[in-house]
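# Coordinate analysis (summary)
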There are 2 protein chains.
Amino acid sequence: MSEVKTRAERIAVKVRRKQRLVRVALGEEKADLVLKNADYINVFSNEVCHGDIAVANGLVVGMGEYSGETEIDVTGKIVAPGFIDAHIHLESSLVSPSQFARAVIPHGTTTVITDPHEIANVCGTAGIDYMMSASDGLPLDVHFMLPSCVPATASEESGAVLSWRDINAYFDHPRVLGLAEMMNYPGVIGGDRATIEKIVVSQAHHKKIDGHAPGLSGRELSAYTSAGVYSDHECDTFDNAIEKLRTGQFIMIRDGTAAQNLEALMPLLTPQYAHRCMFSTDDKHPYDLLHKGHIDYIVRKAIRLGADPILTIKVASHYAARYFLLNNKGAIAPGYLADFVVLDNLRDVNVERVFKRGAQVYDGGEVALEEPVVDPDILAGVTDTFHLPALTVEKLALGDAPLLGMIPGQIVTENLGRASRVDAAKDILKLAVCERHHATGHVASCYVKGYGLRRGAVAASIAHDSHNIIACGADDADIVCAVNRLREIGGGLCVAENGRIVEELPLPVAGLFTDRPLTEVNDRLEACKRAAYERGVSEGVDPFMTMSFMSLPVIPTLRLTTRGVLDVSTQTLI
Amino acid sequence: MSEVKTRAERIAVKVRRKQRLVRVALGEEKADLVLKNADYINVFSNEVCHGDIAVANGLVVGMGEYSGETEIDVTGKIVAPGFIDAHIHLESSLVSPSQFARAVIPHGTTTVITDPHEIANVCGTAGIDYMMSASDGLPLDVHFMLPSCVPATASEESGAVLSWRDINAYFDHPRVLGLAEMMNYPGVIGGDRATIEKIVVSQAHHKKIDGHAPGLSGRELSAYTSAGVYSDHECDTFDNAIEKLRTGQFIMIRDGTAAQNLEALMPLLTPQYAHRCMFSTDDKHPYDLLHKGHIDYIVRKAIRLGADPILTIKVASHYAARYFLLNNKGAIAPGYLADFVVLDNLRDVNVERVFKRGAQVYDGGEVALEEPVVDPDILAGVTDTFHLPALTVEKLALGDAPLLGMIPGQIVTENLGRASRVDAAKDILKLAVCERHHATGHVASCYVKGYGLRRGAVAASIAHDSHNIIACGADDADIVCAVNRLREIGGGLCVAENGRIVEELPLPVAGLFTDRPLTEVNDRLEACKRAAYERGVSEGVDPFMTMSFMSLPVIPTLRLTTRGVLDVSTQTLI
């Protein structure tokens, strides 16, 4: 039979599938799977209902009394719809989509909506292509929002520039749900044509547009929303969340590694507002994923803080599905995907089993999954991403230069004036950024205070948002050693001292992540961090995460770009 | 410039429109319209908010302080989103879509979802074509659900038969939202291929499928829902509504002319359930429209019965919009259509002004609208629909035959055995049905008791669902006179006596409705009804509406089809 089916053939197949659903629902035929004696969350009537849940062809067909080929007794347990992360950059986990899936499925996550913003800033469309292939067919549904801001700002040297024409080609894919966080809100409210074009194109495909506009308010918020931005995940106070909600934006309550807003936004988790809310982690690092969990962690925390459990689970599943128009997700009812989480109870919210499209994918052990096959040409697009000349000590020569002040526990910086030389004893170190996409040879450096390193150097190819190589060191030769090592291995994190690499975590995919298992990545990452702390890095500073924001030219006050030190408030190089 | 725009041209136009929205939202440019000092329903935060509402290009751009080219002070009034009728057969109003619009806009209706089931049973796709053209560009958005059951049953001689291929051509039209009430639930749960095909095709277009399954429950309801039926408007008790709601169906709370379910379903209008509900009239006759209202009438009634006003208005607008994925309707917020109802207050719910896409279309006076232009070939498809030979007294000859018992106030009938002749004194009359679509010459007759007519005859070309000519008379010659009159004028209602027409209401479009104004139609209809009552029709019987159901072969017990008397319980001709 030909690969291309006629419409009539496709309809015939679908009709037969539906005929089977009907027979199983009627009890004329055995279900594939029945969860016996389930107490399940009914998101429509806002209550816990009781009955067997019957599944056929990966879909729920009925609740009541059923028998099935496989029957699992869940007496005393709570069955909830699978959890949904409404906004995450998968790259932040430092692992590939399939390793991410292995890590989060045991936490009850069955769907994530990812914005491949990081890899697109490195590889452009090749990065999106890879992420889509590498997440295909997983027992975790990975949906995409298309990066709206590549590069994130005009002052960055990113690996690619994406116009509406570049992203337009993706909209017809069923896993593509819209345009990702429109960080360039000044562009939107300034009426910038190229920015608004992307919104127009996404709307023309009847897709969503996510927002990202910390603190935006009043008429500017109205303008931004009028332009077609439907959500926000940057709310850190109830007041700015409620203003956005009233203005019509959906609120993604973010609680991840880089930012935790749940506590501040708890008043949203009430019947008056929760219907416009969902959960998001945005960035989720290996340690957090392994030791805290994912959306289940947010659910637990919310319930512990006093939220109604049924309402919280709706926020974690149903409302996200409704926002993204994922028609067959977020509920346990006939016709919905059999994506379930079996919980011990509604107080502790421990995930005991997970079902994806009716298949049990977690029951306390390892998650078994078939590795997606990525076309070699698509893989090649994300594995040869370091194009820069070897760094030399001469390129780091620096006399009198600005002194950037890191603040422990924060990603904003201070302008500490100027310095004239490295003095590790006084915590004055060298910070360097090396352009690594287009072999421009651009290297910029300045002084930094607050990092605390006493000897050696720390380097990383994760440096928001363009992911050039960033390094901080007490010694130029060690900076050179660390940067050149990352160049050699195609990206990652490392710590160098006395001209040799002490610890490293290779991140060969775009210099951002690896396909190794999360536990292994976490071990190496922790080893790298330990090596940095042993060499003096201050306690309140994350040796890699804090450093990774030092070149992001949208956060005050000073940032080091590949072209030099930028004063963010004036957007001028100083 | 060519009629066919390039994609870049279309994007350029849309970007400029958005740039204007942004400027107006920012206050840099005057709004087209500002409702000053509005107390408006915020459907997101479930509260009444206060501020000016600014409109540009037909869309809301901001709430706050604004000035506009036109400013209307609404101090002390309540502004709500325009009302939505989630399911109506426009034909039931006996007027064309534009006359219907004139009638309902003063009641705050800005959107209706219609199922052109009646006209499609007469004219097939030509009927749908006409309804779409005749409702184009009105200041009332008329969306369509495509008739799923034409003919309604196999025992009917309808004007057309619609397969999935016939309806498939309509799905790409932006006003088409899905497949209309799937009345053939036995077909769905019986796995009937042609029935399920229509569901499959609608889903393939990512469209909704409405249900119609009175009393369906348990596994059969699960089967029906599994097959992909998302809503129901046939709930007449809280118990069957709540079962459907728990099973995942949306509930359309119906309160129209033929059925009033609001009182029974009032417990749905609570925060626990209302989010899955909307309002529907299903059938709405001229008198009711003129003297009671439309969705505003249901809102008033619900509030009077104790429902929360904000929640009730959400059911009347927001939730219907969400169900039908009408992304820019059902809320007052930036980016939403400026479809507003200005109400005196939330107790009396009197509509004082109505705005459609930012234009005031009602302020207490007449509704001005531009009549849609219907292509003459499309119009021809619905105006020559009477194909039958002239009726003769000989065709009505009847000896011993079944006696059908009408029950006042109901549409079910009784089997009263048999009769051998008309005897008006004993209320034994003749009922006749004449096939009128395909000139088959099929005429069937039987006896009927309960109608009460003492002399003359009553005839109509509205006879569910095939709309053949139905007549009831004390005298064969008068039946012949009445039927032939309808044949001559191309359909309508009439009363005849002594061989002449006493009163008539011509319904030249498909024999179902007219393009005359609603008040005129109502006057003539009331005159026809008076003429029938004067001739003895029983008080509990509506001379036309009750008669119109006597040939609908799905309601127990006996029905007269064009082929003879059908026992509905056994589906056999007797």
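In what follows, the structure referred to is the one given above.
What comes next concerns the included structure. Note that the structure is predicted; figures quoted are calculated from it, not measured.

Analysis parameters
- Residues numbered from 1 in each chain as written.
- Chains lettered and ligands numbered in written order.
- Predicted model: local features only at pLDDT ≥ 70, side-chain atom pairs only at ≥ 80, totals over all residues.
- Heavy atoms only, no water.
- Helix = DSSP H or I, 4+ residues; strand = E, 2+ residues; numbered from the N terminus.
- Rg over C-alpha atoms; globule rule 2.2 N^0.38 Å.
- Buried < 20%, exposed > 50% of the residue type's maximum accessible area, 1.4 Å probe, protein only.
- Contact = heavy atoms within 4.5 Å.
- Areas by Shrake-Rupley, 256 points an atom, 1.4 Å probe, with all protein chains shown as cover.
- Lys, Arg positive; Asp, Glu negative; His and termini not counted.
- Charge placed at Lys NZ, Arg CZ, Asp CG, Glu CD.
- Phe/Tyr/Trp six-rings, centres within 6.5 Å; stacked < 30°, edge-to-face > 60°.
- Lys NZ or Arg CZ within 6 Å of the ring centre and 35° of its normal.
- Salt bridge = Lys/Arg side-chain N within 4 Å of Asp/Glu carboxyl O.
- Polar contact = N/O pair within 3.5 Å; in protein donor to acceptor, adjacent residues only side chain to side chain.
- Pairing = 2+ DSSP bridges.
- Buried area = accessible area lost by both parts, 1.4 Å probe.
- Nonpolar A, V, L, I, M, F, W, Y, C, P; charged D, E, K, R; others polar.
- Expected span 1.5 Å × (residues − 1).

Turning to the overall build of chain A, a few remarks are in order. Across its full length, chain A holds 18 helices and 27 strands. In terms of C-alpha radius of gyration, chain A reaches 25 Å, essentially the compact-globule figure of 25 Å for 574 residues. Within chain A, buried positions represent 65% of all 574 residues. For chain A, the share of sequence-separated contacts (at least 6 apart) that also reach a separation of at least 24 residues comes to 68%. Here chain A displays about 19500 Å² of accessible surface, and carbon together with sulfur accounts for 48% of that area. Distance between charge centres in chain A, computed from 55 positive and 73 negative side chains, equals 2 Å.

Residue and element names in this part refer to chain A. Tallied over the entire structure, the rule returns 14 aromatic pairs over all chains. Between Tyr 323 and Phe 324, the ring centres sit 4.6 Å apart and the planes meet at 75°, which makes this aromatic pair edge-to-face. The exposure class of Phe 324 is buried, given its relative accessible area of 4%. A network of ring pairs unites the aromatic residues Phe 250, Tyr 323 and Phe 324 as a single cluster. Geometry around Tyr 230 places Lys 208 over its ring, the cationic atom sitting 4.7 Å from the centre. For Arg 436, the ring lying beneath its charged end belongs to Phe 386, and the centroid distance is 3.9 Å.

This part covers the side chain of B:Lys198. Residue and element names in this part refer to chain B. Looking at the secondary structure, you find Lys 198 in helix H7 (residues 193-204). An unpaired buried charge is present at Lys 198: no salt bridge exists, and Asp 192, the closest side chain of opposite charge, is 7.4 Å distant. Within the structure, Lys 198 has its side chain in polar contact with the backbone oxygen of Ser 148 (distance 2.9 Å). The contact partners of Lys 198, leaving out residues within four places of it in the chain, are Ser 148, Leu 162, Ser 163, Trp 164, Ile 167 and Leu 179.

A separate point is the environment of A:Tyr451. All names here are of chain A. Looking at where Tyr 451 falls in the secondary structure, it is placed in the loop between strand S20 (443-449) and strand S21 (457-460). For Tyr 451 and Met 132, which are 319 residues apart along the polypeptide, the C-alpha to C-alpha distance reads 37 Å. When near neighbours in sequence (up to four residues on either side) are disregarded, Tyr 451 contacts Met 406, Asp 427, Leu 429, Val 458, Cys 472, Gly 536, Val 537, Ser 538, Val 541, Pro 543 and Met 547.

Time to look at the pattern of salt bridges. Across all of its chains, the model carries 66 salt bridges over all chains by this definition. Of the charged contacts in the structure, one is a salt bridge between B:Asp542 and B:Lys529, with a shortest N-O distance of 3.6 Å. Taken together, the positions of B:Asp542 in the loop between helix H17 (518-534) and helix H18 (545-548) and B:Lys529 in helix H17 put the pair 13 residues apart, joining distant regions of the chain. For B:Asp542, a relative accessible area of 18% corresponds to the buried category. Each member of the salt-bridge network shares a partner with another, and the members are A:Asp141, A:Lys329, A:Asp339, A:Lys356 and A:Arg357.

Another aspect to go through is the pairing of strand S17 (residues 401-406) of chain B. Residue and element names in this part refer to chain B. Buried residues dominate S17, accounting for 6 of its 6 residues. Of the strand pairs in this sheet, S17 and strand S18 (residues 413-419) are connected by 5 bridges, and their pairing is antiparallel. Considered in S18, the bridge of Met 406 is made with Thr 413. What sits between the antiparallel neighbours S17 and S18 is a turn of 6 residues, in which Gly 409 has the positive phi angle 80°. Bridge count for S17 against strand S20 (residues 443-449) is 3 bridges, and the pairing is parallel. By the bridge assignment, Leu 403 is partnered in S20 with Tyr 447.

All names here are of chain A. As summarised here, the arrangement of the 3 strands in space is S25-S26-S27, forming an open sheet in which the pairing is antiparallel. The open sheet is flanked by strand S25 (558-561) and strand S27 (572-573), the only strands paired with a single partner. As paired strands, strand S26 (residues 564-567) and S27 are joined by 2 bridges and run antiparallel to one another. Note that in S27 the partner of Asp 567 across the bridge is Thr 572.

The interface is formed by 67 residues belonging to chain A together with 67 residues belonging to chain B. Between chain A and chain B, the buried area comes to about 5000 Å², and carbon and sulfur atoms account for 58% of it. Broken down residue by residue, the surface that chain A buries against chain B is led by A:Lys18, A:Phe44 and A:Arg219, which jointly contribute 13%. Linking chain A with chain B are 2 salt bridges. Here A:Arg246 makes a salt bridge to B:Glu47, at a shortest N to O gap of 2.4 Å. At the junction of chain A and chain B, the tally comes to 24 residue pairs in polar contact (both at pLDDT 80 or more). The biggest single contributor to the side of chain A that touches chain B is helix H1 (residues 7-26) of chain A, with 12 residues. Looking at the side of chain A that touches chain B residue by residue, the classes come out as 33 nonpolar, 20 polar and 14 charged.

Moving on to helix H16 (residues 476-489) of chain B. Residues and elements named next belong to chain B. Between the first and last C-alpha of H16 there are 20 Å, a value that for 14 residues agrees with the 20 Å anticipated at 1.5 Å per step. Within the sequence span of H16, burial applies to Asp 478, Ile 479, Val 480, Cys 481, Ala 482, Val 483, Asn 484 and Leu 486. The backbone nitrogen of Ala 477 has a side-chain oxygen 2.9 Å away, supplied by the residue at the start of H16, namely Asp 475. Positive backbone phi, approximately 75°, marks Gly 490, located one or two places after H16.

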